[in-house]
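Analysis of the macromolecular model
Here are the chains, one letter per residue:
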Amino acid sequence: VEVFGSRSSARAFSAAGRLNVTSKNMAGLLESLHLYRKVPRDLTDATRVGGVLSLATAFVMLYLLVANVRDYLSLRELTDVALDDSTEAQMRIYFNITMERLPCQFASLDVSDVMGTSLSNVTQNIVKFKVGAAHGHRTSEYYFEAPDAAAIVHEELQAHELDELEVLPSELPALDDSMFEGFVRSHDLVLVAFGAPWCPWSQRLEPVWRKTWQLLKDKPYARWVRMGRVDCTAAAAQATCQRHHIHAFPTIRIYRHRQTHSHENYLGDRSSDAFIAFVEEALPRHLQGIIHPEALPAPTAESSKHSTTAESTSLDGEGCQLTGWLHISRVPGSFRVAARSDVHSFNTRVMNVSHHVDKLLFGYLDESPRRLHKILPIGERSSLYQVSFMMHQELATLKHYLKVVPFHHHALDGEVTKTYMYKANYNEYRPRKLEWYEGKADAHVDTQLVPNAIFHYDISPVKVVTTQETQGFASFVTKICAVIGGIYTVVGLFDNVIYHGGQAAKKLA
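Residue numbering note: each chain is counted from 1, following its sequence as written. Residue-level local features of this predicted model are given only where pLDDT is at least 70; pairs of side-chain atoms are given and counted only at 80 or more, and the full residue set underlies all totals for whole chains, interfaces and linings. Side-chain measures here rest on the full set of heavy atoms in the structure, leaving out hydrogens and waters.

Moving on to unusual backbone geometry. In this model, Phe249 is joined to Pro250 through a cis peptide bond whose omega is -10°. Positioned with a positive phi, Asn125 is a non-glycine residue whose angle comes to about 65°. Numbering goes from the N terminus for both helices and strands, where a helix is a DSSP run of H or I of at least four residues and a strand is a run of E of at least two. Along the polypeptide, Asn125 turns up in the loop between strand S4 (118–119) and strand S5 (126–132). Classification of Asn125 by relative accessible area gives partly exposed; the value is 35%. The phi angle at Gln386 is positive, at roughly 55°, despite the residue not being glycine. Type-normalised accessible area, obtained with a 1.4 Å probe on protein chains alone, sets the label of each residue: buried when under 20%, exposed when over 50%, and partly exposed for intermediate values.

So, about the packing of aromatic side chains. Think of it this way: a Phe, Tyr or Trp ring, Trp meaning its six-membered ring, pairs with another when their centres are within 6.5 Å, and the plane angle makes it stacked under 30 degrees, edge-to-face over 60, tilted otherwise. Under the defined criterion, the tally for this structure stands at 15 aromatic pairs. Centroid distance Tyr266 to Phe278: 5.2 Å. Interplanar angle 80°. Geometry classified as edge-to-face. On the criterion of sequence distance, the pair formed by Tyr266 in strand S12 (residues 262–266) and Phe278 in helix H7 (residues 272–282) is long-range, its members being 12 residues apart. Each of the two residues, Tyr266 as well as Phe278, counts as buried. Judged by centre distance (6.4 Å) and plane angle (45°), the rings of Phe473 and Phe476 are tilted. Here Phe476 and Phe473 lie together in helix H11 (residues 473–508), a separation of three residues that amounts to about one turn. Residue classification places Phe473 among the exposed positions, given a relative accessible area of 54%. Look at Phe476 and you get buried, because its relative accessible area is 13%. Each residue in the set Trp209, Tyr266, Phe275 and Phe278 is aromatic and connected to the rest through ring pairs, giving one cluster. In this analysis the charged atom, NZ for Lys or CZ for Arg, is taken to sit over a ring once it is within 6 Å of the ring centre and within 35 degrees of the ring normal. Here the guanidinium or amino end of Arg92 rests over the ring plane of Trp325, the centre of that ring lying 4.1 Å away.

Defined by distance alone, a disulfide is two cysteine sulfur atoms within 2.5 Å. Per the counting criterion, the structure on display carries two disulfides. There is a disulfide in this structure between Cys104 and Cys320, and the S-S distance comes to 2.1 Å. Here Cys104 and Cys320 share a disulfide; its torsion about the S-S bond, 100°, makes the bridge right-handed. One end of the pair, Cys104, is in the loop between strand S2 (90–99) and strand S3 (107–113); the other, Cys320, is in strand S14 (residues 318–329), and 216 residues separate them in sequence. Like Cys104, the residue Cys320 is buried in the burial classification. The disulfide bridge from Cys232 ends at Cys241, spanning 2.0 Å between sulfur atoms.

Axis lines are fitted through C-alpha atoms, for helices just across the contact stretch, and the angle between N-to-C directions can take any value from 0 to 180 degrees. Where helix H5 (residues 200–216) contacts H7, the axes come no closer than 9 Å and their chain directions differ by 50°. Looking at the two axes, H5 sits oblique to H7. Every pair of crossing elements has a handedness; the one defined by H5 and H7 is right-handed. Facing Leu205, Val208, Trp209, Lys211, Thr212, Leu215 and Leu216 of H5, the residues of H7 in contact are Ser272, Phe275, Ile276 and Val279. Classifying every residue of the contact of H5 with H7 by side-chain character gives eight nonpolar, two polar and one charged. Orientation is classified from the angle alone, with under 35 degrees giving roughly parallel, over 145 giving roughly antiparallel, 65 to 115 giving roughly perpendicular, and any other angle giving oblique. Two helices that cross are described as forming a left-handed crossing if the nearer one is turned anticlockwise from the farther one by less than a right angle, and a right-handed crossing if clockwise. Contacts are residue-level and defined by heavy atoms, with any inter-residue pair within 4.5 Å sufficient. For this classification, the nonpolar set comprises Ala, Val, Leu, Ile, Met, Phe, Trp, Tyr, Cys and Pro, the charged set comprises Asp, Glu, Lys and Arg, and every other residue, Gly included, is treated as polar.

Candidates for patches are residues over 30% relative accessible area with no salt bridge; among them, like charges are joined within 9 Å and nonpolar side chains (Val, Leu, Ile, Met, Phe, Trp, Tyr) within 5 Å. All accessible-area figures derive from a Shrake-Rupley calculation using a 1.4 Å probe, and residue coverage is judged against the displayed protein chains alone. When a carboxyl oxygen of Asp or Glu is within 4 Å of a side-chain nitrogen of Lys or Arg, the pair counts as a salt bridge. Residues Met26, Leu29, Leu30 and Leu33 make up a contiguous nonpolar surface patch of roughly 420 Å² in combined accessible area. Inspection of the secondary structure puts Met26 in helix H1 (residues 2–32).

What follows deals with the environment of Phe407. Tracing the backbone shows Phe407 in strand S19 (residues 397–410). For Phe407, a relative accessible area of 6% gives the class buried. A sequence separation of 58 residues divides Phe407 from Val465, and the C-alpha atoms of the two residues are 6.0 Å apart. Ignoring sequence-local partners within four residues, the contact set of Phe407 consists of Leu376, Thr417, Lys418, Thr419, Tyr420, Met421, Val464 and Thr466.

Right, let's talk about H7 for a bit. With respect to burial, H7 is a largely interior element, eight of its 11 residues being buried. For H7, the full list of buried residues reads Ser272, Ala274, Phe275, Ile276, Ala277, Phe278, Val279 and Ala282.

Attention now goes to the environment of Ala339. Here Ala339 shows up in strand S15 (residues 333–339). The exposure class assigned to Ala339 is buried, which follows from its relative accessible area of 12%. Considered as a pair, Ala339 and Pro451 are 112 residues apart in the sequence and their alpha carbons are 7.9 Å apart. Look past the residues within four positions of Ala339 in its chain and what remains in contact with it is Leu102, Phe106, Phe346, Met351 and Val450.

For the rest of this paragraph, the subject is the side chain of Ser272. Relative to the assigned elements, Ser272 resides in helix H7. Residue Ser272 is classed as buried on the basis of its relative accessible area, which comes to 1%. Discounting chain neighbours no more than four positions away, the residues touching Ser272 are Glu155, Val208, Lys211, Thr212 and Leu215.

Tallied over the entire structure, the rule returns 12 salt bridges. Close ionic contact of Arg340 with Asp110 constitutes a salt bridge, the shortest N to O distance being 2.8 Å. In this pair, Arg340 is assigned in the loop between S15 and strand S16 (345–346) and Asp110 in strand S3, connecting sequence segments 230 residues apart. Residue Arg340 is classed as partly exposed on the basis of its relative accessible area, which comes to 38%. The closest approach of N and O atoms between Asp188 and Arg258, which form a salt bridge, is 3.4 Å. Taken together, the residues Asp188 in the loop between helix H4 (180–185) and strand S8 (189–195) and Arg258 in the loop between strand S11 (251–256) and S12 connect sequence positions 70 residues apart. Residue classification places Asp188 among the buried positions, given a relative accessible area of 7%.

Shown next, in the form of structure tokens:
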């Protein structure tokens, strides 16, 4: 037993010895692979310049480390251009445009495109507000659409009535610049018809207007009410028409309380009965006590209707704010804001289409405005944002050329947001010189030459794509090591140059 125990102890001791040798060999092997061998501190030499460089290096490393961490935690957007493969056939235009000098009564929005679409006086999804020229686009009043032009009654006089009017002396006052102000201020209620001899609607109104004047003279309130007419083509009356912003012929205006700075536009039927009914409804309040009640007919439903056929405005002029959206085909086209009326001829000499574009955007049918505004502000989507364009010459057309580019945004979570962005160019264009002939001003001007504001748009075949992405962890670690190691190495080389250069200078000294 003792012999067996001594042999076992010897074998165990031998095995432990071999394990110890193996461990030492392994440790030696690992030490031989050490790339960052240390120099004993006693064998190194420290300098003050080296300390300054070390502090500066530490601050630079810390700054770059923080900057790289922030870059790693932030989102980045990559922008690229690609062919647009969208199958969308429709799109929308959202707009808020103020025509500073074009009344809502005549403001019409027309749409056309290269596919043959042509829509006139579009009103669906569009709201109009009357604005004062003195306030620009800041103050507005909702505009109630006037009755349909086709519903306006035009009285046709019989042959014997026309013969009677020809026999009677023409006592209807023809007003000009010298007498207009005094005429209005001399009477409590004045009706004035602004027209032009070449205008067919003015020609149609002339006998009716004279008949109404003959009927009015027999009324008990005739001494307080007057009617007049202004020929805007006459040289002696052009200043009055321009000062009162007469855009269309005929324009019938009502002046009350002997004031010329404010007036109302008559929008009702053009018949003698309608004019008389309107006058009786519009008599100033203080005249109701002067005239005996039995002298005036009792108000009827018809006269109540005429009381709503006028709209108030001021001498400063009237503008119109149009806001809403259009549903259009996704093809090149245009939309325009111009004057349009089926019962008027336009005085293009004084028509002004200066306008302010508060907003004009193109969009997909299913886009989300709330999310989109966070991704792409309106100012970046639109070149026409809170800008004004002034008309500097008569009979000019203000044209905008819009290049529309699809925009797709790919979020980090995979959600895709689509919209359109565009850039715009502008030009004030006058097709040809038109002369002003006395007595037939603009008689030869067709509706295509009426001043208007046009917005041409064209859809680009390429799209702008932005993609959100974050930096990968492997890339982040690589950058950190490169920054820290590179700075450490470069500063170390610089420190060696300074140190050995100083030592060499000492030896030479």
